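One-letter residues, chain by chain:
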Amino acid sequence: MLRQPKQYGMGYTALNGGRMAASTTDVKRVTVDDGVALVTLTRPHVMNALNLQLRAEIIEFARDLDADPSVSVVVITGEGDKAFSAGADLKERGRRTTAELYDERRFFRSRWVSAVASMAKPTIAAINGYCLGGGLELALQCDLRLASENATFALPEVGLGFLPGAGGTQRLPREIGLQKAKELILTGRRFDAHEAERLGIVLRVVPREELMTAAMALARSIARQPRMSLIQAKLALNASQETMLSGGLQAENEAWLPCLLSDAWQGKLKRFEGSS
Ligand code: HXC
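Throughout what follows, the structure given in this document is the object of discussion. The residue numbers shown here count from 1 along each chain, following its written sequence. Per-residue local features are limited, in this predicted model, to residues with pLDDT of at least 70; the limit for side-chain atom pairs, both in listing and counting, is 80 or more; totals at the level of whole chains, interfaces and linings are taken over all residues. In computing side-chain values, all of the structure's heavy atoms are included and hydrogens and water are not.

## Some words on the overall build of the chain
Selection criterion: Secondary structure elements follow DSSP: runs of H or I of four or more residues count as helices, runs of E of two or more count as strands, with numbering from the N terminus. Put simply, the radius of gyration uses C-alpha atoms, and a globule should come to 2.2 Å times the residue count raised to 0.38. Relative accessibility decides the category of a residue: with a 1.4 Å probe and only protein chains considered, values under 20% of the type maximum give buried, values over 50% give exposed, and everything between is partly exposed. Residue contacts follow a heavy-atom distance rule, with two residues in contact if any of their heavy atoms lie within 4.5 Å. Using the Shrake-Rupley algorithm and a 1.4 Å probe, accessible areas are obtained, with residue cover drawn only from the displayed protein chains. Lys and Arg are tallied as positive, Asp and Glu as negative. Neither His nor the chain termini are counted. Charge positions are represented by NZ for Lys, CZ for Arg, CG for Asp and CD for Glu.
Looking only at helices and strands, the chain has 12 helices and 13 strands in total. For the chain, whose C-alpha radius of gyration is 19 Å, the value lies close to the compact-globule estimate of 19 Å for 276 residues. Summarising its shape, the C-alpha atoms of the chain cover approximately 70 × 45 × 40 Å along the three principal directions. Here the chain, with 276 residues, has 47% of them falling under the buried criterion. If you take every contact in the chain between residues at least 6 apart in sequence, the share linking residues at least 24 apart comes to 71%. Of the roughly 14300 Å² that the chain leaves accessible, carbon and sulfur atoms contribute 56%. In the chain, 35 positive and 31 negative side-chain charges are present, and the distance between their average locations comes to 2 Å.

## Some remarks on the pattern of salt bridges
Pairs may arise between side chains of opposite charge once their charged atoms sit close together. Which entries qualify depends on this criterion: For this analysis, a salt bridge means a side-chain nitrogen from Lys or Arg found within 4 Å of a carboxyl oxygen belonging to Asp or Glu.
This structure, assessed with the given rule, holds 15 salt bridges. Notably, a salt bridge pairs R43 with D89, separated by 2.8 Å at the nearest N-O pair. One end of the pair, R43, is in the loop between β5 (36-41) and α1 (52-67); the other, D89, is in the loop between β7 (83-85) and α2 (90-95), and 46 residues separate them in sequence. By sharing partners, the salt bridges in this structure join R55, R93, R96 and E104 into a single network.

## Focus on the sheet that holds strand β11 (residues 152-154)
In plain terms, the rule: Pairing between strands requires that DSSP locate at least two bridges from one strand to the other. Axis definition: a line fitted to C-alpha atoms, limited for helices to the stretch in contact. Angles are taken between N-to-C directions and run from 0 to 180 degrees.
Pairing in this open sheet of 4 strands is mixed, and the strands run β7-β9-β11-β12 from one edge to the other. Both outer strands of the open sheet, β7 and β12 (191-192), are each paired with one neighbouring strand and no more. In this fold helix α5 (residues 134-141) packs onto β7, β9 (130-132), β11 and β12, with an angle of close to 90° to the strand it touches most, β9.

## Quick word on the environment of T42
On the secondary structure map, T42 appears in the loop between β5 and α1. On the basis of relative accessibility, which here comes to 18%, the residue T42 falls in the buried class. It is 6.9 Å that separates the C-alpha atoms of T42 and R29, two residues lying 13 residues apart in sequence. Apart from the residues within four sequence positions on either side, T42 is in contact with D26, V27, K28, R29, N48 and E79.

## Remarks on the state of the cysteines
Convention followed: We call a pair of cysteine sulfur atoms a disulfide whenever their separation is within 2.5 Å.
Enumeration according to the criterion identifies 0 disulfides in this entry. Among the cysteines around C131, which has no disulfide bond, C142 carries the closest sulfur, lying 9.3 Å off. C131 gets classed as buried once you look at its relative accessible area, which sits at 0%.

## Side note on helix α9 (residues 211-223)
Condition: A helix is expected to reach a length of 1.5 Å times the quantity of its residues less one.
Here α9 spans 18 Å end to end across 13 residues, near enough to the 18 Å set by a 1.5 Å rise per residue. Of all the positions in α9, only L211, A214, A215, M216, L218, A219, I222 and A223 are classed as buried. Buried residues in α9 make contact with β5, β6 (73-78), β8 (123-127), β10 (144-148), β13 (204-206) and α10 (227-239).

## Quick word on the packing of α5 against helix α6 (residues 168-176)
Rules: Roughly parallel means an angle under 35 degrees; roughly antiparallel means over 145; roughly perpendicular covers 65 to 115; every other angle is labelled oblique. By definition, any crossing whose near helix is turned counterclockwise from its far helix by less than a right angle is left-handed, and any crossing with a clockwise turn is right-handed. Under the grouping applied here, Gly and all other residues not named as nonpolar or charged are polar, the nonpolar ones being Ala, Val, Leu, Ile, Met, Phe, Trp, Tyr, Cys and Pro and the charged ones Asp, Glu, Lys and Arg.
Packing of α5 against α6 leaves a shortest axis separation of 10 Å and a crossing angle of 55°. Taken together, the axes of α5 and α6 lie oblique to each other. In the crossing of α5 with α6, the sense of the turn from one axis to the other is left-handed. Side by side, α5 and α6 meet where E137, L140 and Q141 of the first sit next to G168, R171, L172 and E175 of the second. When the residues that make up the contact of α5 with α6 are grouped by side-chain class, the tally is 2 nonpolar, 2 polar and 3 charged.

## Considering the pairing of strand β4 (residues 28-33)
Of the strand pairs in this sheet, β4 and β5 are connected by 6 bridges, and their pairing is antiparallel. Residue V32 lies in a different strand from β5, and its bridge partner there is A37.

So, in structure tokens, the structure goes:
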């Protein structure tokens, strides 16, 4: 059953030098079908650049989709055929004072930097073009990434006088190793989808016209799994990146035990009953 578009919160609150700003014009669209929520960033006229409103809406949908019992997996993509996201909205940033940017980092960053990564449900980025700066950092918050052949990647922040400050310096080396991450971040160079695949930034590269079909098929194959074990497996896998082996094995056991409380496993094992 297709329900669209589903509204996840109306309006947003932006830090704006202490002033509150609100909008009722969404800059993302959410549709839910077959246990898969498809979130589309809808600012194609600026390459789906992440302004404050869009980032606030991403924080909102992450919370709301995690709580939505009809959703098991979330796919994120960008509208249009040019960009997943060209990163922070540089026009908006250019209009803001140093004090506003400082406040934004103090009060907003902690909610943004792991908004998608901290979702209990699996997430997939379907990268359909430019995936730059904060756009790549958003993709790195997702569990899995597929890219179309025309996708272009970069973390150009150092060249802009900053550094990747939305998780890039921490998540990229965990995905591809420290030395390769240093080369990409310190040079800021662009690289294509095939290099992203070789590096391990994306799982697979597919022709542009097949991207969404491939992303939705992957999402559905995950969404078909029992909900409890899916979520607990993601929890245990994430623990592997944050603890030593002994702590990780402990986390794995803690993630495993609640699976006993779901009846999914009993149903799955029923057909083996009676066989020796
Ligand atoms: C705001 C953006 C934008 C962005 C593109 N646009 N990227 N607006 N923020 N990040 C706008 C353009 O200004 C233009 O609007 C329209 O989108 C189309 O872009 P073009 O440049 O005309 O298209 P094209 O020639 O195809 O080039 C695409 C591009 C280029 C390669 C993506 O736009 C580009 O380099 N953008 C900047 C990418 C970037 O450096 N992102 C920041 C990463 S750093 P108009 O109104 O002119 O039609 C980051 C962390 C924060 O995310 C860093 C803090 C400083």
